[in-house]
Amino acid sequence: MPRRVLALLGLAALLLSQALAPVAYAGMPAPAGGAPRAPERERAGARALLSELPSEYRTIDRTHEAEGAARVRAMALALASQLGLWQAAQPQPQLAAAAKGAHELARDLEATADRLQPWPLPLSVRADAERIAAQLRSAGLGAALSAKPYDSIEALLGDARGATAPATASAYAAEAYALFATGPGKRLQGTNAALAASVQDAFWQREGRRADRGLLVALASGAGTGAVAHAATTANERVSSAATVLGDRTIGRSTVVADAAVIVFREGLEAVLILAAITASFVGERRRLRRPVLFGALLGLGATAATYALAQALVDALGDGGLRLQAITGLIAIAVLLVVTNWFFHRVYWSEWLGRFHRRRRAIERIDRFGFISGQLVAFTLLGLTSVYREGFETVLFLQNLQVSAGSSATALGIAIGLAGTLAVGFVTFKLERKLPYKKMLIATGVLIGLVLGVMVGTTVHSLQGLGWVPSTQTGFTLPLWCGQWLGLYATWEGIGAQLVALLVVYGSYAVARALQTRRYKRVPREVPTLARG
Amino acid sequence: MIKATLAIGAAAAAALALGACGSSTSKDSKVLAVTLTDAGCTPQHIEVASGPVTFQVTNGGTSKVSEMELKNRSGVILGESENVVEGVPGKFSLNLEPGKYVVNCPTGDAEDQGTLVATGKASAKGQGASAALLARATAAYKDYVQHEVALLRTGTAQFTAALQAGDVKRAKELFGPVRAHYEAIEPVAESFGNLDPEIDARVNDVEKLGEWTGFHRIEKTLWEQNTTRGTESYGRKLLRDVEELQRKVVTISLQPAQLANGAVELMNEVSNSKITGEEDRYSHTDLSDFEGNLEGSREAFKLLVPALYQTGNAALAKTVEARFAAVQQNLDAYRRKTPLGFALYGELSEKDRQAFAKEVGALDEPLATVAAKVSGA
């Protein structure tokens, strides 16, 4: 279909949408002589269009590139449509002037449908956009541009899905695009140009399969509700990926704090219990042997801190790897969690693990003095050090992903909470020499770690999808953004599938381990070993 | 029109030299991918072995940056790719001698902060038969540039004299024919910093009208207001800028790939602003500028033909020659016995413009491969 005909159809759709405007804004009370009202997201969207349109136009004017020209025309039509809707619903002189200006701008830009003729001057287009923006401000419909307009984008994409008139839907979609392009899109180009291009494609892609077409292209070609919903969901997913890459909206802060606290407390608890098991028999005259073990434990803590600093330096040296770094550290963190959960569930009552420490302790007790240094002293110090450092090393590996994804403050807060819990348990165990319900605590933290694993798998798959390393098949239903922030749950089959598999592996293996153990106990009845005897 | 490119180096640009080997193909040419973003060029720091290098430039989604330049340390542009927008990549080839260069994507956040280090040993200067032919080509092209700039200088002096005298008719008659000399060698002027925009910026290219000078600023007043009043100071500045250009072109040092890159850029100029009627928006003398671009491009290519034949690229040379001839034949149909020598842009129908676009596109395709053939030859 010739471009001119398409442009005319666009204008016709625009006029139709304005005829329906009072219906669309029926729920919004008309102002009594005051400034017209419009949702914040629409005002921000119109402002973003007025900023992005002249900027993109200046670039495409240099080459008269057809796709860019179509994009600019669509943005101009969207602006005219939006302002027309406002004006039709709540007439006001300044708004009327702005709407008229937007119509004229859209009409002038129709010239860009033919690349082999003179186009409007970029200077004029910018001047028009600035005048319209000023008129909107006078009409009380101004808005500031945000660097992180994700909520508005999501809401506008929802509006685009729900709008009945194609021109209105296109206006919302173009506003969502402009909000992205004027804010996060600019920063994204520097960190992940491929993802920036993929976000743009989600709105504007013309080539390829029908299902791959951009939202605005789908709307312009009269695609069905399902196809439009699919395109809108894809756009939202890619914008969400961009937010992850830019560190604007990764996993929620509370989730990060909770994850860091759980892992630190869990590993700390294990270390305390191991130390308790080692020192349990150090009573009476042998009580002095506690010191080297606890001293070694402190050294283990120091070594953990040093390892943390080293890991940080290494991650920093890798630069602002953005999504790539998040994905890689995420995979490492998942590996750590699988080791922790697997280790826990398969040795659910610690018998073998603690047995090994007891054997080491007994071997050390047989060591005699050599030279001026007590061999025992050194060996017990090393035992304390290694038992703490093993847990510390795992924790350090795990925490790198949270650090990269969510920054230092949330991670540090989580670490502090986890350490406080660990110190409390250590104080009760070693100082007050009281027993705690260790078994229950281990099971509870084990279950929590399973959940942490689920979230971590979800966010890592999401990062991998952003990089294009893992395919992204939309589920067809949408999930609110908090699901992603809190649970790492995004509406793609790969992400949800990976989370289910991870949970199934961990809890399934636990169930199998329990079943096997129960059968063994039935065959050879014996007393379940206690966790700590200190 | 503002910027096309044939990156020309100053005499002091030690980086430039003819390739030593007699290779007839571009198989040894290294390819460097550069992406344009708001920040500028990505990567910002490049290390590459010296020798033939092809830069492939793509736009990563920025509407702020649309070109990449490689400069020597004196700030002279050696090669560049312009008008790189999404979906429209660019490329250029150069033979890099060892040393440090500046990688710049103008208007990016990190302007002039990129670096390129070419490692390895300096190549011996041209020794083979093709090298001798290429050396002759670059020397001859330098003569051509100086000749055209001399004509431009003379014409500009007459043009500005008409402006000072308030002779609108004479100034209008001189405008197109004088500009054609500039259009023929425009890529050369682009390698000298701001000279090109000062002389030839279109109104499309300027951010603020107050900063606009040169031929097109004068054109606007002459045709829109039909007066020379207010153009006098622009005329004086134009003449000074052209005289500076004349002084600078004497110092140029060229390499064969630059001739080929420049030939391509000149034809891009035709596609992007002459066929669209935006070069001479007020006077509609675009076809005269078209002739200037075509002549300059054809001259640069013609000088490379012997080396192309020598290095086994005769088929390519013949294809390009034939396509140049086709474009020229079409353009000749619009010659008129007027002071301008050509029809005004308004005479072109949509069909005529499409025919030109198709022919120029057909020429661009093989012409764009010439630089890589001669950069390592």
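Located above this text is the structure these notes cover.
Predicted, not measured: the structure shown is a model, and the values here were computed from it.

J.: Go over the environment of A:Gly426, please, and point to the residues and values.
T.: All names here are of chain A. Its location among the elements puts glycine 426 in helix H18 (residues 408–431). Residue class for glycine 426 comes out partly exposed when judged on the 19 C-beta atoms lying within 10 Å of it. C-alpha separation for the pair glycine 426 and leucine 273, spaced 153 residues apart in sequence, amounts to 8.6 Å.

J.: Give me the lowdown on the sheet that holds strand S8 (residues 90–96) of chain B, citing residues and values where you can.
T.: Residues and elements named next belong to chain B. Spatial ordering of the open sheet is given by S3-S2-S5-S8, a layout of four strands whose pairing is mixed. For this open sheet the edge positions go to strand S3 (40–42) and S8, each flanked by a neighbour on one side alone. Taken pair by pair, the neighbouring strands of this sheet meet at an average axis angle of 30 degrees, ignoring direction. Judged from the seven bridges that link them, strand S5 (residues 51–59) and S8 form a sheet pairing that is antiparallel. From the neighbouring strand, valine 57 faces S8, where its bridge partner is glycine 90.

J.: Residue-level account of the interface of chain A and chain B, with values.
T.: On the side of chain B, 27 residues touch chain A, which itself brings 26 residues to the contact. Listing elements by their share of the side of chain A that touches chain B, those giving two or more residues are helix H3 (40–63), helix H4 (66–89), helix H6 (122–138), helix H9 (184–191) and helix H10 (193–204) of chain A. Considering every element that reaches the side of chain A that touches chain B, the biggest residue donor is H3(A), with seven residues. Taken together, the residues of the side of chain A that touches chain B sort by class into nine nonpolar, 10 polar and seven charged.

J.: Quick one: what's the story with the pairing of S5(B), residue by residue and with numbers?
T.: Residues and elements named next belong to chain B. The buried fraction of S5 is high, at eight of nine residues. Sheet analysis places strand S2 (residues 30–37) next to S5, joined by seven bridges and oriented parallel. Across the sheet, the residue bridging to threonine 35 is threonine 58, located in S5.

J.: Requested: an account of the pairing of strand S10 (residues 114–119) of chain B, with residues and values cited.
T.: Two faces belong to every sheet, and in a regular strand the side chains alternate between them. Residue and element names in this part refer to chain B. Judged by which residues are buried, S10 turns out to be one-sided: Gly114, Leu116 and Ala118 face inward and are buried, whereas Thr115, Val117 and Thr119, on the alternate face, are not. Pairing of strand S9 (residues 99–104) with S10, which is carried by five bridges, proceeds in the antiparallel orientation. Bridge pairing in S10 places lysine 100 opposite valine 117.

J.: Can you lay out unusual backbone geometry for me, pointing to particular residues and giving the numbers?
T.: Residue and element names in this part refer to chain B. Cis peptide bonds are those with omega within 30 degrees of zero, and the linkage from threonine 42 to proline 43 qualifies with 0 degrees. In this structure, proline 43 sits in the loop between S3 and strand S4 (45–49). The backbone phi angle of asparagine 226 is positive, close to 55 degrees, even though this residue is not glycine. Its place among the elements puts asparagine 226 in the loop between helix H5 (215–225) and helix H6 (232–249). In this structure asparagine 226 comes out as exposed when scored by C-beta crowding, with 11 C-beta atoms within 10 Å. Although it is not a glycine, histidine 284 sits at a positive phi angle of roughly 60 degrees. Position of histidine 284 among the secondary structure elements: in the loop between helix H7 (256–274) and helix H8 (286–310). For histidine 284, a count of 20 C-beta atoms within 10 Å gives the class buried.

J.: So what's going on with the sheet that holds strand S7 (residues 77–81) of chain B? Which residues, and what values?
T.: Residues and elements named next belong to chain B. The strand order across the open sheet formed by five strands is S4-S10-S9-S6-S7, and the pairing between neighbours is mixed. Each edge of the sheet is formed by a strand with only one pairing partner; in this case those strands are S4 and S7. Between one strand axis and the next, the sheet turns by 20 degrees as a mean value, whatever way the strands run.

J.: Give a description of H3(A) that names residues and reports values.
T.: All names here are of chain A. In this model, H3 (24 residues) spans 35 Å end to end at C-alpha, consistent with the 34 Å of a helix rising 1.5 Å per residue. The element H3 is largely enclosed, with a buried count of 23 among its 24 residues. Histidine 64, located one to two residues past H3, shows a positive phi value of around 55 degrees.

J.: Outline the packing of helix H5 (residues 93–108) of chain A against H6(A), listing residues and values.
T.: Residue and element names in this part refer to chain A. Running from amino to carboxyl end, H5 crosses H6 at an angle of 160 degrees, the nearest separation of the two axes being 8 Å. Between H5 and H6, the interaxial angle falls into the category roughly antiparallel. When you trace H5 past H6, the crossing you get is left-handed. From H5, Gln94, Ala97, Ala98, Gly101, Ala102 and Leu105 reach across to H6, where they touch Val125, Asp128, Arg131, Ile132, Gln135, Leu136 and Ser138. For the contact of H5 with H6, the residue count by class is seven nonpolar, four polar and two charged.

J.: Could you give an account of the nonpolar core, naming the residues involved and the relevant values?
T.: The nonpolar side chains of soluble globular proteins are, as a tendency, buried together. All names here are of chain A. Of all hydrophobic cores here, the largest spans 171 residues; its most connected members are Ala173, Ala176 and Leu215. Examining the composition of this core, we find that 14 residues originate from one element, H4, more than from any other. If sequence neighbours within four positions are ignored, alanine 176 has contacts with Gly45, Ile153, Leu156, Leu157, Ala160 and Ala235. Formed by 51 residues, the second largest nonpolar core is a distinct cluster that contains Ala277, Ala297, Ile328 and Phe398.

Rules used throughout
Residues numbered from 1 in each chain as written. Chains lettered and ligands numbered in written order. Predicted model: local features only at pLDDT ≥ 70, side-chain atom pairs only at ≥ 80, totals over all residues. Helix = DSSP H or I, 4+ residues; strand = E, 2+ residues; numbered from the N terminus. Buried ≥ 20, exposed ≤ 12 C-beta atoms within 10 Å, placed from the backbone. Pairing = 2+ DSSP bridges. Axes fitted to C-alpha atoms, helices over the stretch in contact; angles between N-to-C directions. Contact = placed C-beta atoms within 7 Å. Nonpolar A, V, L, I, M, F, W, Y, C, P; charged D, E, K, R; others polar. Expected span 1.5 Å × (residues − 1). Parallel < 35°, antiparallel > 145°, perpendicular 65-115°, else oblique. Left-handed = near helix turned anticlockwise from the far one by under 90°. Core = buried A, V, L, I, M, F, W, Y, C linked by C-beta atoms within 7 Å.

Just distances and angles here, no functional claims.
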